[in-house]
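The chain contents come next:
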Amino acid sequence: MEQSRDRNITSFKTDVVTREIIRGKLLAVADEMGVVLKRSSMSPVIYEVLDFACGFCNPDGELVSQTNGITVFTGTFSTQINAIKEKFTDQINPGDIFMLNNPYEGGTHYNDVGIIKPIYVDGELFAFAISISHWTDVGGKSPGSLPADSTEVFQEGICFPGVHIYKAGELQDSVIDIIEHNVRLPTMAIGDLNASLASVRIAEKRCLELCDKYSDQAVKETFQHILQTSEKVSRDAVKALPDGVYTAEDWVDGDGITDERFPTQVKVTIKGDKITFDYTGSCKQLRGPVNCSRAALISAVKTVFKAIVDPQAPSNEGWFRPLDVVAPDGTVFTATKPAPVGWYYEGTSQASELAWKALAEIARDKVSMGSANSLCVTVLGGYDSERNEPWVMIEPSMVGWGATDERDGNCVTSAITNGDTFNYSIELLEAKFPVQVNEYALNTEGGVGAGKYRGGYGSVREYEILADDAVLSASYGRSIERPWSQEGGNPGSCNYFELQSGNNISRKTRAPTTTMKQGDVIRMVTGGGGGYGNPLERPQKDILDEVRADYLTVEQAREEYGVVIEDHQIDEEATSILRGQQGN
C-alpha cells in the first residue's frame, strides 16, 4: 500500500478482514466514550445540547477515530495532545491524565475543558484518549464565563495551561481545590470532570482489550491503515476539483464593544492534490470576545474541507494531510493573548462561512448558500431563591441554512461548526432553570432568501425570567450582513434578540452584561438562509402550499415570487402576467 506522506511502501502483516474489524471497534470506542460522558455528566449543556466531543489518537496525537459532537472540537485534538507532549516531554508516564483549556495552546475557550489520557501497552506509549466538553461555568466576570463585553481573556475564567489531574495514578487534590474555589457551580464542574475522566478511562480499557485480542501490532497497523487510506481518498477528491484560486469576502458585524463592521477574507488555492486556505488580509484581533485562536481557525477549516471531500466517512487526521491553513498572527482568526476569545465560535463560524462561500462555485453539489451563520448563544444566570442555589443556563440557537442547487435550505439547524448539537427541550429547560418558555416557532415574519429553492427558516424563542437579578450575556452575529445567495436568489435574513422590561422593548445583537428582573422577557430571533436560483422559477404549487401553511403571506407570494393568490387559490392568468412583467 502506498504511504502518501513519504511515498514509502508499507507491507502490513495484518490481514484486511482483521484490520476492518479493528477499525470498526476503534469507531465504537469513540462512540462509547461519548455515551459514557453524556450519561454521567451533570451539565445540561453536555447531556442535552451535546456540547462535547471524544476522540482516540495514535501516539503522535493524530486522530484515528472520533464520536459525533461539536465538529470544531475534533480538529483541535491533535494540537492539544501535542501541546501536552511538548510541555511534558519525558514526564508523561502510565497513570497520568492531563487537563487543558488554554485557547493559545490548542484549545478554543476556557469553558471547553480537555481531558487527555496517555495509554500504555507493555510499557510503551501506544495511544491517547481525549474528551473535550463545555463546562457551564469556569469563573470570570459573569455567570457562564461568557461576558459578551469582555476585553481580555482574564475576564473569561480560569485557565488550566496543561496540568496533571492524575499523576502516576494519584489524584492531584490541589487542582480539585483550585476548581472548587474558582467556579460558581463547583459540584457541577467536578461532576463533569469525573464524567470526562470516565470517558478516557473506558477508552484505555477498550484499547487494552483490542491489543489483547488482536495484538498491539495489528492495532498499530490499523492506525496506519486508517490514516493512509483516508489521505488517499482525500487527495483524490482534491485532484478532482479544478485548479485555481477562489476568494470570498465577508464582515464581522460588531464585536461586543462596538457596532463597527470588520472585514474578513479568504483565498483558496487548489493545485493538484493540495489545497490552501489563506486568511491573510482579514482584520486584526478585536477588542471584544468574538476572536478565535489559530487552533480553532484550523479546526473550522477542517470542518468545511471534510464536507467537501467526503462528508459521510468517519473523520481522522489522514483526511487533512492535503490541507494547509495560512494566516498571520494577531488577526480575528489567530488572536494572541490576552485577546478575549470567549465567543470564539463567532470567529470560527465566520471563517467557516468564508471557506464555504469561496468553494461554492466549484462544489455546488456539496455547498449550500449562506446561512444565518452564528451560534446566537444566550447565557442567563443568577441565584434561584426558591431552590436556594445558583443557576446558569447556556444555550445556542438554531438558524436557517441556505438553499442548494436542488432543494430548499434546512430550517432551525445548528451553525456549521457546532455539529450535532441541539437546543434545550422546553420541558427540561423549565424544569432546570427559573425561566418560562412563552413561544417557540419558525421565524416566518423575518423570512428567508427567496429563490427557485428558498433558504431555510430560523426560529423564535421567547423566555420569561422567573427569578430576580438574572444576568444576561448574549452575542448574535450575522446581524447586518445578510446570508449570501447565488444564481438570482435573494439573500437571507439576520439575527437579533429583543429585551422587554415592562412596556420598554429594545432590539439588540451583541449586548453588554445585562441584569434582568423577574417578569422580564428575552425574545431570540434567528435569520433565514439565502436562496438559490430565480424565484420566478419556483413551482407555483410550492408557493400556494406555503401561503396555506402561513410560511408566506399573500403579499410576499406576489412580490417575491410573482404568484397571485386569491381565496387560497392561484389566479393563473394574473400570475402569468405578473411573472412576465417581473421577468423583464
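Source: prediction; values computed, not measured. (Residues numbered from 1 in each chain as written. Predicted model: local features only at pLDDT ≥ 70, side-chain atom pairs only at ≥ 80, totals over all residues. Heavy atoms only, no water.)

**Focus on the overall build of the chain**
Part 1: When its secondary structure is counted, the chain shows 13 helices and 22 strands.
Part 2: Its C-alpha atoms give the chain a radius of gyration of 25 Å, within 12% of the compact-globule value 25 Å for 584 residues.
Part 3: Dimensions of the chain, computed from C-alpha atoms along their principal axes, come out at roughly 80 × 60 × 40 Å.
Part 4: Sequence-distant contacts in the chain: of pairs separated by 6 or more residues, those separated by 24 or more amount to 71%.
Part 5: By element, 47% of the accessible surface of the chain is carried by carbon and sulfur atoms, the whole surface being about 22,500 Å². (Helix = DSSP H or I, 4+ residues; strand = E, 2+ residues; numbered from the N terminus. Rg over C-alpha atoms; globule rule 2.2 N^0.38 Å. Contact = heavy atoms within 4.5 Å. Areas by Shrake-Rupley, 256 points an atom, 1.4 Å probe, with all protein chains shown as cover.)

**Structural notes on the state of the cysteines**
Part 1: With the rule as written, the count across this model stands at zero disulfides.
Part 2: For the unlinked cysteine Cys292, the closest cysteine sulfur is that of Cys283, found at 10 Å.
Part 3: Its sulfur unpaired, Cys376 is 10 Å from the next cysteine sulfur, which belongs to Cys494.
Part 4: Residue classification places Cys376 among the buried residues on the basis of a relative accessible area of 0%. (Disulfide = S-S within 2.5 Å. Buried < 20%, exposed > 50% of the residue type's maximum accessible area, 1.4 Å probe, protein only.)

**Description of the sheet that holds strand β17 (residues 496–501)**
Part 1: The antiparallel open sheet is built from five strands, whose spatial order is β14-β15-β20-β17-β18. Lying at the two open borders of the sheet, with one neighbouring strand each, are β14 (435–442) and β18 (504–508). Each strand axis lies, on average, 15° off the axis of its neighbour in the sheet, ignoring direction.
Part 2: When strand β15 (residues 459–465) meets strand β20 (residues 521–525), the two strands line up antiparallel, connected through five bridges. The residue of β20 that forms the bridge with Arg461 is Met524. (Pairing = 2+ DSSP bridges. Axes fitted to C-alpha atoms, helices over the stretch in contact; angles between N-to-C directions.)

**Remarks on the pairing of β18**
Part 1: With zero of five residues buried, β18 is to be regarded as a mostly surface element.
Part 2: Strand direction decides the pairing type here: β17 and β18, joined by five bridges, are antiparallel. Its bridge partner being in β18, Glu498 is matched across the sheet by Arg507.
Part 3: Adjacent in sequence and paired antiparallel, β17 and β18 are bridged by two residues, among which Gly502 carries a positive phi angle near 65°.

**Notes on the packing of aromatic side chains**
Part 1: With the rule as written, the count across this model stands at 13 aromatic pairs.
Part 2: Centroid distance Trp391 to Phe433: 6.4 Å. Interplanar angle 45°. Geometry classified as tilted. Here the residue Trp391 occupies a position in strand β13 (residues 389–395), and Phe433 occupies one in the loop between α10 (426–432) and β14, the gap between them amounting to 42 residues.
Part 3: The exposure class assigned to Trp391 is buried, which follows from its relative accessible area of 5%. (Phe/Tyr/Trp six-rings, centres within 6.5 Å; stacked < 30°, edge-to-face > 60°.)

**Examining the environment of Gly381**
Part 1: In this fold, Gly381 is placed in strand β12 (residues 377–384).
Part 2: A residue is classified by how much of its surface remains accessible, and Gly381, at 0% relative accessible area, is buried.
Part 3: As for Gly381 and Leu63, which are separated by 318 residues in sequence, their C-alpha atoms are 36 Å apart.
Part 4: Excluding residues that lie within four positions of it along the chain, Gly381 makes contacts with Pro143, Trp391, Val392, Asp469, Ala470 and Val471.

**Some points on the sheet that holds strand β9 (residues 261–271)**
Part 1: Taken together, four strands build an open sheet; the order of strands is β8-β9-β10-β11 and the sheet is mixed. Where the open sheet ends on each side, the last strands, each with one partner, are β8 (244–253) and β11 (323–326). Strand-to-strand twist in this sheet, taken as the mean axis angle between neighbours without regard to direction, amounts to 15°.
Part 2: As paired elements, β9 and strand β10 (residues 274–278) share five bridges and run antiparallel to each other. By the bridge assignment, Lys271 is partnered in β10 with Lys274.
Part 3: Here helix α8 (residues 294–309) sits on the sheet and contacts β10 and β11; the angle it forms with β11, its principal contact strand, is near 140°.
Part 4: Contacts from helix α9 (residues 344–359) reach β8, β9 and β10, with the element oriented near 145° to β8.

**Describing empty space enclosed by the protein**
Part 1: Using the criterion set out here, one finds five cavities of 30 Å³ or more in the structure.
Part 2: In this structure, the largest cavity spans a volume of roughly 120 Å³.
Part 3: What lines the largest cavity is a set of 16 residues, and nearest its centre among them are Asp51, His134, Tyr345, Leu375 and Asn418.
Part 4: Elements supplying a minimum of two residues to the lining of the largest cavity: α9 and β13.
Part 5: Across the lining of the largest cavity, the residue classes tally to ten nonpolar, three polar and three charged.
Part 6: Of the pockets and cavities examined, the second largest cavity occupies roughly 50 Å³.
Part 7: Lining the second largest cavity are Trp251, Val252, Asp253, Val290, Val332, Glu346, Gly347, Gln350, Gly477, Arg478 and Arg510.
Part 8: For the lining of the second largest cavity, the elements supplying multiple residues, two or more each, are β8 and α9. (1 Å grid on protein atoms, 1.4 Å probe; cavity = no way out; pocket = protein on both sides within 12 Å on 5 of 7 lines; lining within 4 Å. Points joined across faces, edges and corners; volume = space filled by probe spheres on them. Nonpolar A, V, L, I, M, F, W, Y, C, P; charged D, E, K, R; others polar.)

**Considerations on the pattern of salt bridges**
Part 1: By the definition in use, this model includes 29 salt bridges.
Part 2: Two residues, Lys220 and Glu124, come together in a salt bridge whose shortest N-O distance is 3.0 Å. Taken together, the residues Lys220 in helix α7 (residues 216–239) and Glu124 in strand β5 (residues 124–134) connect sequence positions 96 residues apart.
Part 3: Members of the salt-bridge network, linked through shared partners, are Glu62, Glu231, Arg235, Asp273 and Arg321. (Salt bridge = Lys/Arg side-chain N within 4 Å of Asp/Glu carboxyl O.)

**Focus: the pairing of β20**
Part 1: Most of β20 is tucked away: four of the five residues are buried.
Part 2: Sheet topology note: the β17/β20 ladder contains five bridges and is antiparallel. Each residue of the ladder has a partner; that of Glu498, found in β20, is Arg523.

**Quick word on helix α1 (residues 16–40)**
Part 1: Under the 1.5 Å per step criterion, the end-to-end length of α1 is 36 Å for 25 residues, consistent within 8% with the ideal 36 Å.
Part 2: Those residues of α1 not exposed but buried are Thr18, Arg19, Ile22, Leu26, Val29, Ala30, Met33, Gly34 and Leu37.
Part 3: In this fold, the buried residues of α1 make contact with α2 (44–47), β1 (52–57), β2 (63–66), β5, α6 (186–214) and α7.
Part 4: Of the residues flanking the start of α1, the one acting as N-cap is Asp15, its side-chain oxygen 3.1 Å from the backbone nitrogen of Val17. (Expected span 1.5 Å × (residues − 1). Polar contact = N/O pair within 3.5 Å; in protein donor to acceptor, adjacent residues only side chain to side chain.)

**Digging into a negative patch on the surface**
Part 1: On the surface, Glu566, Asp567, Asp571, Glu572 and Glu573 cluster together into a negatively charged patch.
Part 2: Here Asp567 is to be found in the loop between β21 (565–566) and β22 (569–570). (Patch = residues over 30% accessible without salt bridge, like charges linked within 9 Å, V, L, I, M, F, W, Y side chains within 5 Å. Lys, Arg positive; Asp, Glu negative; His and termini not counted. Charge placed at Lys NZ, Arg CZ, Asp CG, Glu CD.)

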